[in-house]
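Coordinate inspection notes
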Amino acid sequence: MGDGRKREQGDAGRPGAGGAARLYRAGEDAVWVLDSGSVRGATANSSAAWLVQFYSSWCGHCIGYAPTWRALAGDVRDWASAIRVAALDCMEEKNQAVCHDYDIHFYPTFRVSITGCLSVEIHLLPHLPGEYHGVSCMLKFATS
């Protein structure tokens, strides 16, 4: 973490844990920050649904969408046993292979993952009217 303390072994990716991605800050955002070492284990072995944003820290659409993703994560923070909102920066060198494995070609790309049930990919086109309607649709789907 930024204050010099060592991160606990089981804290990776949790809101408030060290190792934040560029658009999302651990300890300040409710977004779970994932990386190549945590994304598969988190989404594959969880009873919670995961909404994962694969983004690029230099992407203008991703930068513009970050406040909405943070707000969604904050809105569902108390529902962590049912739904988790996460992000993974595909431009970090350590994450590039996993983004390739997940077949990520556009930023931002959103994946909804429900263990044993479904995995859906969603592309939002931020320059279209109604651009943020997609988040409410994802949330409605995941909680119904």
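The sections below set out a description of the structure shown in this document.

So, how was this worked out
- Residues numbered from 1 in each chain as written.
- Predicted model: local features only at pLDDT ≥ 70, side-chain atom pairs only at ≥ 80, totals over all residues.
- Heavy atoms only, no water.
- Helix = DSSP H or I, 4+ residues; strand = E, 2+ residues; numbered from the N terminus.
- Buried < 20%, exposed > 50% of the residue type's maximum accessible area, 1.4 Å probe, protein only.
- Contact = heavy atoms within 4.5 Å.
- Areas by Shrake-Rupley, 256 points an atom, 1.4 Å probe, with all protein chains shown as cover.
- Disulfide = S-S within 2.5 Å.
- Pairing = 2+ DSSP bridges.
- Expected span 1.5 Å × (residues − 1).
- Bend = angle between axes of the 7 residues up to and from the residue.
- Right-handed = clockwise from strand over helix to strand, strands pointing away.
- Phe/Tyr/Trp six-rings, centres within 6.5 Å; stacked < 30°, edge-to-face > 60°.

Bringing the overall build of the chain into the picture now. A tally of helices and strands in the chain yields four helices and five strands. The buried share of the chain, taken over its 144 residues, is 42%. Sequence separation of 24 or more characterises 64% of the internal contacts of the chain that already satisfy a separation of 6 or more. For the chain, the exposed surface amounts to about 7,900 Å²; the carbon and sulfur share of it is 52%.

To continue, consider the state of the cysteines. Counting across every chain of the model gives one disulfide. Bridging C90 to C99, the disulfide has an S-S length of 2.1 Å. Given an S-S torsion of about -85 degrees, the disulfide between C90 and C99 has left-handed geometry. Here C90 matches C99 in class, with each residue buried.

Consecutive side chains of a regular strand alternate in pointing toward one face of the sheet and then the other. Buried residues dominate strand β3 (residues 83-89), accounting for six of its seven residues. Sheet topology places strand β1 (residues 32-33) next to β3; two bridges connect them, and they run parallel. Opposite V33, over in β3, you have A87 as the bridge partner. Inspection of the sheet shows strand β2 (residues 49-55) paired to β3 by seven bridges, in the parallel sense.

What follows covers helix α2 (residues 60-76). Spanning 17 residues, α2 covers 25 Å between terminal C-alpha atoms, matching the ideal 24 Å at 1.5 Å per step. The largest bend along α2 reaches roughly 40 degrees and is located at A66, with the proline P67 sitting one to four residues downstream. Within α2, burial applies to C62, Y65, A66, W69, L72, A73 and V76.

Turning our eyes to something else, we now look at the pairing of β2. Burial analysis of β2 places seven of its seven residues in the buried class, the great majority of the element. Following the backbone out of β2, through α2 and into the adjacent parallel β3, one traces a crossover that is right-handed. Bridge count for β2 against strand β4 (residues 109-114) is five bridges, and the pairing is antiparallel. Of the residues in β4, the one forming a bridge with L51 is V112.

So, on to the packing of aromatic side chains. For the structure on display, the rule yields seven aromatic pairs. On the basis of an interplanar angle of 80 degrees and a centroid distance of 5.5 Å, the ring pair of W32 and W50 is categorised as edge-to-face. Taken as a pair, W32 in strand β1 and W50 in strand β2 lie far apart in primary sequence, 18 residues in all. The pair formed by W32 and W50 is uniform in burial state, with each residue classed as buried. An aromatic cluster of at least three residues, connected via ring pairs, comprises Y65, W69 and F110.

Before going further, it helps to examine unusual backbone geometry. Residue P108 is reached from Y107 by a cis peptide bond, and omega for that bond is -10 degrees. Its location among the elements puts P108 in the loop between α3 (96-101) and β4. Even without glycine at this site, D103 takes up a positive phi of about 60 degrees. For D103, the position within the fold is in the loop between α3 and β4. For D103, a relative accessible area of 44% puts it in the partly exposed group.

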